[in-house]
Amino acid sequence: MFIQTEATPNPATLKFIPGRIVLDSGTMEFANRDSAGRSPLAARLFLVPGVTGVFFGSDFVTVTKADGDWQHLKPAILGAIMEHYMSGAPLLADGSAANDDESDEADEFFDADDAETVAQIKDLIETRVRPAVANDGGDITFRGFKDGIVYLNMKGACAGCPSSTATLQHGIQNLLRHFVPDVVEVRPM
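Residues numbered from 1 in each chain as written. Predicted model: local features only at pLDDT ≥ 70, side-chain atom pairs only at ≥ 80, totals over all residues. Heavy atoms only, no water.

*Asks:* Provide a residue-level description of the pairing of strand S4 (residues 51-56), including the pertinent values.
*Replies:* A large share of S4 lies buried, amounting to five of its six residues. Inspection of the sheet shows strand S3 (residues 28-30) paired to S4 by three bridges, in the antiparallel sense. Note on S4: the bridge partner recorded for methionine 28 is phenylalanine 56. Looking at chain direction, S4 and strand S5 (residues 61-65) are connected through five bridges and run antiparallel. (Buried < 20%, exposed > 50% of the residue type's maximum accessible area, 1.4 Å probe, protein only. Helix = DSSP H or I, 4+ residues; strand = E, 2+ residues; numbered from the N terminus. Pairing = 2+ DSSP bridges.)

*Asks:* Describe unusual backbone geometry, listing the residues and the values that go with them.
*Replies:* One non-glycine residue with positive phi stands out, namely aspartate 147, at about 55 degrees. Here aspartate 147 lies in the loop between strand S7 (138-146) and strand S8 (149-156).

*Asks:* So, the sheet that holds S7: which residues are in play, and what are the values?
*Replies:* Within a beta sheet, neighbouring strands are joined by backbone hydrogen bonds and run either parallel or antiparallel to one another. Reading across the sheet, the four strands line up as S6-S7-S8-S9 and stay open at both edges, with mixed pairing between neighbours. The two strands at the open ends of the sheet, each matched to only one other strand, are strand S6 (109-110) and strand S9 (185-188). The pairing of S7 with S8 spans eight bridges and is antiparallel. When the sheet's bridge partners are listed, threonine 141 is paired in S8 with asparagine 153. Along the sheet, helix H4 (residues 115-135) makes contact with S6, S7 and S8, crossing S7 at roughly 165 degrees. (Contact = heavy atoms within 4.5 Å. Axes fitted to C-alpha atoms, helices over the stretch in contact; angles between N-to-C directions.)

*Asks:* Tell me what's going on with the sheet that holds S3, and back it up with residues and numbers.
*Replies:* The antiparallel open sheet is built from five strands, whose spatial order is S1-S2-S5-S4-S3. Edge positions in the sheet fall to strand S1 (4-7) and S3, since each of these pairs with one other strand and no more. Pairs of neighbouring strands in the sheet enclose a mean axial angle of 20 degrees, with direction left out of account. Packed on one face of the sheet, helix H2 (residues 70-87) meets S1, strand S2 (13-17), S4 and S5 and runs near 35 degrees to S2.

In structure tokens, the structure reads:
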């Protein structure tokens, strides 16, 4: 098994591509060791000293570190990913193929009168923004819309990335304001 690695815009996060499907649809984020219990792979990655976050995309795993050098952490992470796939263990302990999409949607907030605007915003995020940030090992999801402000959740390599403010304000905000006149500003949640 050959696992490729790619740098991300976030120096604390590295993207690992195992050459097979990781998650059938959507994304999953594990922000700490406690949340990783539902995934044998995430739990295994959190056993590597210095790992502070794990994120699953369709065909990649991003790992975030607190400190330490990637040169020292990378072999242990590669080993953990390889051991997981060679063992044949499921991605999730319960054998399901669930992702974070349902819980993300359950927490959304917006006024019912803005449903058409929100549908436009979500379509632009889904078709133009998410594919681009997935290339960088992350994800951005819609959280809410109120008083012309779009609230987004940044995951994976996007969370804590030094360039995330520029991405939000110059990239995503300009895109949404261009296509959806009701959008005034974009903020992270």
